[in-house]
Amino acid sequence: MSDYILEIENLSKTFPGVKALDNISFKVKTHSVHALMGENGAGKSTLMKCLSGIYQPDDGSKITLNGQSIHIQTPLDALHLGIAMIHQELNLIPEMTIAENIWLGREPLIGFFVDHRQLNQITTQLLKKINLDLPPTTLVGNVSIAHQQMIEIAKAISYDAQVVIMDEPTSALTDKEVIQLFILIRELKEQGKTIIYISHKMDEIFEITDEISVFRDGCFVGSDLTENLSKDQLITMMVGRPLTQFFPKFNTKIGEDLLVVKNLSRHNSSHTNTGGSFSDVSFNIRKGEILGVAGLVGSGRTEIAEALFGVHPAQSGSISIDGQEISMNTPAIAIKQGLAFLTEDRKKSGLFLVLSVLDNMCLVNMDDYIKSGFISHKKMYQDCDKQINTLRIKTPNQAQIIANLSGGNQQKVLLARWLLTAPKILILDEPTRGIDVGAKAEIYKLMSNLANKGVAILMISSELPEILGMSDRIMVMREGKVSGILDRDEADQTKILSLAAN
């Protein structure tokens, strides 16, 4: 019997105007955790979508599972063959319960009717396996993004697949939930399952995986045992060059207060899935300063950002910009005052998936392109081209529908959208979620350059190395309140976690 459960030979995939995969060949060992690494647009997710039946590879491609040549025409074919995938972009139905989402199309029946009692029982048992304490009758639309990610994981496990593909499974999880996921992955491996794991988080890769395959620009670069590779070697394989300074934080001259928030509160809000409440939040951000915001999921970090941008306004307290108090009741007011907001969920609250890269990038800044009642398409094209080159956005052209870009490149387009407004205050909520290591370094450099020009940056992040590496000060949130603000020199992971959890 072969040591390899999955063998891919000469697999290519071409979309209009771009070759996403170019003659890929590699193998995955049985009972292993195999990482796929590469920059955004390298082809990782496209390859996995070919394996899961979402895309059809070009002619001449060959996929072998357990020594047998297979042809996967649909996602249902993949599931029947024992291949399940947890997608980077969540595919749950908000109006249905957790149980209904997990077992959709496979519900236990009594005659022609769904046996809801049994459905909820088996769901409760499944949720216990991943340590998710939620009633199975809870509507998915009423739970946090982190919990939705865990529900996706539960759904994949429910198929009892031989090969489980996990595409950025920890992008919305807390450290505690990541630990639980890793326990679950090890249990699956002991049960004889094979995990294909896609992530941009280096620490995760070296902790949980047995072997790593690297892709670059749609081509296979190489594979090796995880224990044989260092982080520097892996980065060089991924981006084709060494990254000499991962957190390029400049010693920027920090000016006077630009944003001052006093006693901001909102209670019993029904606007957000994570509660929406915060109380007596006070802080300031100075010109040229990066204020990092840390805290557990549900601590109120995103809710504060939404209040600052007028998405869900605060009920009390004050927001002042350049010494002038502003009633931040709508995003339009916030934009007029020089604020920009990169949201944590690009698919839900950022992108217009049916529009082009150009349209998505320029729509907030349309006033600058309208002269005497006419749109200056030339200026739009020039600005879009400049941002594509600056942020290294991988797209065949500006007219490409943004849904066809990788998640990381979609994130770059959203960032470009706000850079075109020349903001005074930039709010970044999980700015590098789903972003590869090379693009992360570029975004950090961009943040430093903006701060050096006097832009005040509020950066919310669940990645503590990112918070510590890029922040001048760090505000820690806990249960809707500010539990402490640390200077860069005094902050470390232990102090941040202590303030976030105790």
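Refer to the preceding data block for the structure.
Since this is a predicted model, take the numbers as computed values, not measurements.

**Considering the packing of helix α14 (residues 407–419) against helix α15 (residues 437–452)**
- Direction vectors running N to C along α14 and α15 enclose 10 degrees, while the axes themselves pass 13 Å from each other. For the element pair α14 / α15, the angle class is roughly parallel. Along the contact surface, α14 presents Lys412, Leu415 and Leu419, while α15 presents Ala439, Glu442, Ile443, Leu446 and Leu450.

**Concerning the pairing of strand β3 (residues 33–37)**
- Of all 5 residues that make up β3, 5 are buried, and the element is covered over most of its length.
- Here β3 shows a buried face lined by Val33, Ala35 and Met37 and a second buried face lined by His34 and Leu36.
- Relative to strand β10 (residues 194–198), β3 runs parallel, the two being bridged by 4 bridges. Paired with Val33 across the strands is Ile195, a residue of β10.

**Some thoughts on the packing of aromatic side chains**
- Inspection of every chain in the model, using the stated rule, returns 7 aromatic pairs.
- On the basis of an interplanar angle of 15 degrees and a centroid distance of 6.0 Å, the ring pair of Phe26 and Phe220 is categorised as stacked. Pair noted here: Phe26 is in strand β2 (residues 18–29) and Phe220 is in strand β12 (residues 219–225), with a separation of 194 residues, a long-range link.
- On the accessibility criterion, Phe26 (5% relative accessible area) is buried.

**Thoughts on the sheet that holds strand β1 (residues 4–15)**
- Across the sheet, 4 strands lie side by side as β2-β1-β4-β5; this open sheet has antiparallel pairing. Each end of this open sheet is capped by a strand with a single partner; those strands are β2 and β5 (68–70). Looking at each pair of strands side by side, their axes are set apart by 25 degrees on average, direction ignored.
- As defined by bridge partners, β1 adjoins β2 across 8 bridges and the pair is classed as antiparallel. Opposite Glu7, over in β2, you have Lys27 as the bridge partner.
- The sheet contacts of helix α1 (residues 44–51) involve β1, β2 and β4 (62–65), and relative to β1 the element is tilted by about 110 degrees.

**Observations regarding the sheet that holds strand β15 (residues 290–295)**
- In spatial order, the strands read β18-β21-β22-β15-β23-β24; together these 6 strands make up an open sheet with mixed pairing. In the strand order of this sheet, the two ends are held by β18 (339–342) and β24 (481–487), each with one partner. In this sheet, adjacent strand axes meet at a mean angle of 15 degrees when their direction is disregarded.
- The pairing of β15 with strand β22 (residues 456–460) spans 4 bridges and is parallel. If you follow Gly292 over to β22, its bridge partner there is Met459.
- Most of the contacts of helix α9 (residues 301–308) go to β22, to which it runs at about 145 degrees, and overall it touches β15, β18, β21 (425–429), β22 and β23 (473–478).

**Side note on the environment of Arg286**
- Residue position: Arg286 is located in strand β14 (residues 278–286).
- On the accessibility criterion, Arg286 (27% relative accessible area) is partly exposed.
- With 169 residues separating them along the chain, Arg286 and Val455 place their C-alpha atoms 8.6 Å apart.
- Beyond its immediate chain neighbours, meaning those up to four positions away, Arg286 contacts Ile254, Gly255, Glu256, Asp257, Leu258, Ala456 and Arg473.
- Of note is the side chain of Arg286, whose polar atom sits 2.9 Å from the side chain of Glu289.

**With respect to the nonpolar core**
- Ranked by internal contacts, the top residues of the largest apolar core, which has 75 residues, are Leu259, Phe283, Leu308, Met361, Met447 and Ile457.
- No other element matches α15, which puts 7 residues into this core.
- Other than its neighbours up to four places away in sequence, Leu308 contacts Leu259, Val261, Leu264, Phe283, Ile319, Met328, Ala334, Leu339, Ile427 and Leu458.
- In terms of nonpolar packing, the next biggest core, distinct from the first, is built from 48 residues, Leu126, Met166, Val214 and Val239 among them.

**Thoughts on α14**
- With 13 residues, α14 ought to run about 18 Å at 1.5 Å a step, and its terminal C-alpha atoms sit 19 Å apart, in line with that.
- For α14, the tally of buried residues reaches 13 of 13 residues, placing the bulk of the element in the interior.

**Description of the environment of Cys50**
- Mapped onto the elements of the fold, Cys50 is located in helix α1.
- In contact with Cys50, other than residues within four places in its own chain, are Leu11, Lys13, Leu21, Tyr55, Pro57 and Ile72.

Conventions we followed
Residues numbered from 1 in each chain as written. Predicted model: local features only at pLDDT ≥ 70, side-chain atom pairs only at ≥ 80, totals over all residues. Heavy atoms only, no water. Axes fitted to C-alpha atoms, helices over the stretch in contact; angles between N-to-C directions. Helix = DSSP H or I, 4+ residues; strand = E, 2+ residues; numbered from the N terminus. Parallel < 35°, antiparallel > 145°, perpendicular 65-115°, else oblique. Contact = heavy atoms within 4.5 Å. Buried < 20%, exposed > 50% of the residue type's maximum accessible area, 1.4 Å probe, protein only. Pairing = 2+ DSSP bridges. Phe/Tyr/Trp six-rings, centres within 6.5 Å; stacked < 30°, edge-to-face > 60°. Polar contact = N/O pair within 3.5 Å; in protein donor to acceptor, adjacent residues only side chain to side chain. Core = buried A, V, L, I, M, F, W, Y, C linked by side-chain atoms within 4.5 Å. Expected span 1.5 Å × (residues − 1).

Structural measurements only, silent on function.
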